[in-house]
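Listed here are the chains, written in short residue letters.
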Amino acid sequence: MDRDIATRIAELSQQLHLHIYQYHVRSEPLITDAEYDRLIQELLALEAEHPQYLRDDSPTQRVGSDLSGDFSKLRHPAPILSLANAFDEADLLAWEERNLRLLPAGTQLSYILQPKLDGLSIVITYENGSLARAATRGNGETGDDVTANVKTIRSLPLRIPVDSSSGDAPDWLVVRGEILFHKSDFLALNEEQEAQGLPAYINARNTASGSLKQKDSRETAKRKLTAYIYAIVDSDGAQIASEWETVKTLRRLGFNVISDAARYENLDAARKVLPDWEARRDTLPFEIDGLVLKVDDLALARELGVVGKDPRGAIAYKFPAEEATTTLLDVTIGVGRTGKLTPTAQLEPVFISGVTVSSASLHNYDQVKALDIRLGDRIIVKRSGDVIPYVIGPVAAARDGSERPITPPDRCPFCESQLLQPKGAVDWFCGNASCPERVGRALEFFVSRGAMDIEGMGPQTINALIEAGLIDDIADIFTLKAEPLLALEGFAEKKVDNLLRSITMAKERSFAQVLTSLGIDGVGSTVATLLTDNFASMQELLEAAEAIRAAEAEFARVVEPIVAAADSDNPESDRQIARLQQPTTDLVPQYLDAADLNQRMTRRLKPLQLSADEIAGISQSLASLIAVSRRLHTIEGLGPVLVENIVDFFSDAHNRSVLAKMLATGVNMRAEEKAQAGDVLAGKTFVLTGTMSQPRGALKTLIEANGGKVTGNVSKRSNYVVAGESPGSKVEKAAKLGVPIIDEDALRMLLND
Ligand code: IVH
């Protein structure tokens, strides 16, 4: 019997050592966090029951480390402890019972409960009120010195107290907290990546970690990280008696504290709110992986002491895992409206935190390659919040050799045309603008809410219209007539009437909305508005794109003989040639404001050993290209890749003919005069959420025309949240922050004031 236990302990230790190495050194976990937790819990229990088998080198005797070779090390002023885990309420009850046994009879324990943030632990030292040092947790004793990077995080005070009227700060204060991405900032970061034609980041926590470990703190500064502070590690200030007081002190000093912490008289009261937290999890602005329950009375918590690396006075209540392992059955391919191919993993259905998951996003084939997954693999899938489940990676150790590689197709699965991968892009595209799948997706997007918002045109109707040959492209929508529609199965008079009426109404949508609806890669409503602020009509945009293409062609003609004659053995001249071949993304942005182009080109193109005439020719045609491109390139917020996408779209012959047809049917393609109706809303910031009686874009225009501002996120600075039907989590947030929530009628009343 005892021998069996010894064997099991040895087995678990060996497995866990491997998994710790895979996770921390190789960054290639073989199992999910939950599975790891199960193994370590089993080992902890066995070792607790049979301490004679506990070895100094057991995996339970050490904690992970995020130390890396690139940073100097800082020693923490006190051990940076970890937390033991509870997986259900029974674990919590057992925890309290153990604690009560260690305390004088009759002791009552009250608690504070706060979210367990899924970010990176950080330790920050303030000397005489100034942020002096910041270190990662490392191995609990020393951590990486990330002071310069941490200082770029705006939610973290560089001096305390932030408000000098709120009392003094201790001369020496060491605090502990978590650094993370708010979900909205992570989404925005990925939108930006996409606009630049770069691959999306997959995991917020890893991206936060990567952002904090940049060698150049300017890189960290570009990422919108947030810091929450939840503990005082050391201080020479007045003794603090409770966790609750800790939170209040931290808040008073100007730290960003988790606003949701609450105090409970006893464990029963705290237990009652656990299900609410699980339900609310997805509506929080940040990712959490559980809750932390802390004994409120710090004297009692100190008395309870520490086991290993875990203080007895606090425990992590972990939510059910969001990861699971399953089998990769197939990879299917979708073609989007821009022609972009997206592979999707088809999975053996698996239950993850309350939801059955049977497919997961794979983003692109570079991602498939990077993940090194194969058909038939056991793979780890993660589902967090409302994002589409995604694949973390294969369990390579589970392979038996029957797995098959995944290869990208070379033809579009829907129209058989050759696929292309633009230079420098990670995605593959179907380049056929008439590909039925592309057209279908483009139409769906075009009519959707937030785009042209044409009611009664769901995917089924669109398919029926395409199949009947009534529409081939988005412009055909506007020439639909009643008669052929009535001839279709399931199209009764009323349905046709309604459809035609909403089509007629759609012709009046704002120019920015029309642009958004075209589904140009990277052009959402924000970019569309930037465009309509700078181009008064579709005609102007088309002319600009055409002029740029013509100037590019002329530039290509000038550099063509130079490219042909270049010495391809010289890497430096190769580089210059490559840039000459991509003037719009490479040269134009850099030389937009160059005073003496000829001189700059002479220097830059030196490796090519050109004649003065050749340089003059290049400079001249580049100058012409810059002249016609300036209007687009100088719009703040439009990067070179986005400009290239826009020019591509508006110079494409097929798109131009569709746009011409649309214009002919009377679709609005002019920017409205920016009439300032008044300034009754001056200085007021609004957030719009839910379904309104008209598109949100129109309400935004209305608010702006009256001097107000519209933002995407609710904050303390928002003045009103305007809620339509079925509003989202923004309303809850507004209620919490005390921001007034009004409806559309109330908004109109404000306008009439
Ligand atoms: S208290 C001595 N409070 O969870 C315990 N930790 O699994 C001090 N964490 O390393 C930690 N949110 O990085 C505490 N509200 C919170 C937390 C929190 C996240 C992290 C922390 C710790 C890990 C333990």
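Details of the structure are given in the entry above.
Residues numbered from 1 in each chain as written. Predicted model: local features only at pLDDT ≥ 70, side-chain atom pairs only at ≥ 80, totals over all residues. Heavy atoms only, no water.

## Description of the overall build of the protein chain
So, step 1. A count of helices and strands for the protein chain gives 28 helices and 24 strands.
So, step 2. The globule rule puts the C-alpha radius of gyration for 753 residues at 27 Å, and the 30 Å found for the protein chain is close to it.
So, step 3. Along the first, second and third principal axes, the C-alpha atoms of the protein chain reach 85 × 70 × 60 Å.
So, step 4. Residues counted as buried form 45% of the 753 residues belonging to the protein chain. (Helix = DSSP H or I, 4+ residues; strand = E, 2+ residues; numbered from the N terminus. Rg over C-alpha atoms; globule rule 2.2 N^0.38 Å. Buried < 20%, exposed > 50% of the residue type's maximum accessible area, 1.4 Å probe, protein only.)

## As for the nonpolar core
The tendency in soluble globular proteins is for nonpolar side chains to be buried side by side.
So, step 1. Counting residues in each nonpolar core, the largest one holds 76 residues, and the members touching the most others are Leu518, Leu531, Met538, Leu622, Phe650 and Met662.
So, step 2. Counting residues per element, this core draws most heavily on helix H19 (residues 538-565), at eleven residues.
So, step 3. Excluding residues that lie within four positions of it along the chain, phenylalanine 650 makes contacts with Leu515, Leu518, Ile520, Met538, Leu541, Leu542, Ala545, Arg656 and Leu659.
So, step 4. Counting residues in each nonpolar core, the second largest holds 31 residues, with Phe71, Ile112, Leu120 and Leu156 among its members. (Core = buried A, V, L, I, M, F, W, Y, C linked by side-chain atoms within 4.5 Å. Contact = heavy atoms within 4.5 Å.)

## Regarding the pattern of salt bridges
So, step 1. In this structure the tally under the stated criterion is 35 salt bridges.
So, step 2. For aspartate 268, the salt bridge identified is with arginine 271, shortest N-O distance 2.9 Å. Placement of the pair is aspartate 268 and arginine 271 together in helix H9 (residues 267-272), with a separation of three residues, close to one helical turn.
So, step 3. A single network of salt bridges, built from pairs that share partners, joins Asp372, Arg374, Asp377 and Arg399. (Salt bridge = Lys/Arg side-chain N within 4 Å of Asp/Glu carboxyl O.)

## Considerations on unusual backbone geometry
So, step 1. In the segment running from isoleucine 160 into proline 161, the intervening peptide bond is cis, with an omega of -10°.
So, step 2. Relative to the helices and strands, proline 161 is located in the loop between helix H4 (147-150) and strand S7 (172-181).
So, step 3. In this model, asparagine 128 sits at a positive phi of 50°, which is unusual for a non-glycine residue.
So, step 4. Considering the arrangement of structural elements, one finds asparagine 128 in the loop between strand S4 (120-127) and strand S5 (130-136).
So, step 5. Relative accessible area serves as the criterion here: at 56%, asparagine 128 is assigned to the exposed category.
So, step 6. Phi at aspartate 453 is positive, roughly 55°, even though this residue is not glycine.
So, step 7. Tracing the backbone through its elements, the reader meets aspartate 453 in the loop between helix H13 (436-447) and helix H14 (459-467).

## Focus: the pairing of strand S17 (residues 378-382)
Across a regular strand the side chains alternate sides, sitting on one face of the sheet and then on the other.
So, step 1. Counting buried residues along S17, four of its five residues qualify, which places the element largely inside the surrounding structure.
So, step 2. The sheet contact formed by strand S14 (residues 323-335) and S17 spans five bridges and is antiparallel. Considered in S17, the bridge of threonine 326 is made with isoleucine 379.
So, step 3. Of the strand pairs in this sheet, S17 and strand S18 (residues 390-394) are connected by four bridges, and their pairing is antiparallel. Across the sheet, isoleucine 380 pairs through a bridge with glycine 393, a residue of S18. (Pairing = 2+ DSSP bridges.)

## Things to note about the site of the ligand
So, step 1. Taken together, 15 residues are adjacent to the ligand, and Gln114, Leu117, Ser121, Arg176 and Glu178 come closest.
So, step 2. Contact between the ligand and leucine 117: a nitrogen atom at 3.0 Å from a main-chain N or O atom of the residue.
So, step 3. Contact with the protein chains removes 88% of the 540 Å² of surface that the ligand exposes when unbound.
So, step 4. Of all elements in the fold, only strand S3 (111-117), S7 and strand S10 (288-295) reach the threshold of two or more residues within the shell around the ligand.
So, step 5. A total of four residues in the shell around the ligand trace back to one element, the largest contributor, which is S3.
So, step 6. Across the shell around the ligand, the residue classes tally to eight nonpolar, three polar and four charged. (Near = heavy atom within 4 Å. Polar contact = N/O pair within 3.5 Å; in protein donor to acceptor, adjacent residues only side chain to side chain. Areas by Shrake-Rupley, 256 points an atom, 1.4 Å probe, with all protein chains shown as cover. Nonpolar A, V, L, I, M, F, W, Y, C, P; charged D, E, K, R; others polar.)

Limitation: the analysis is restricted to geometry and does not speak to function.
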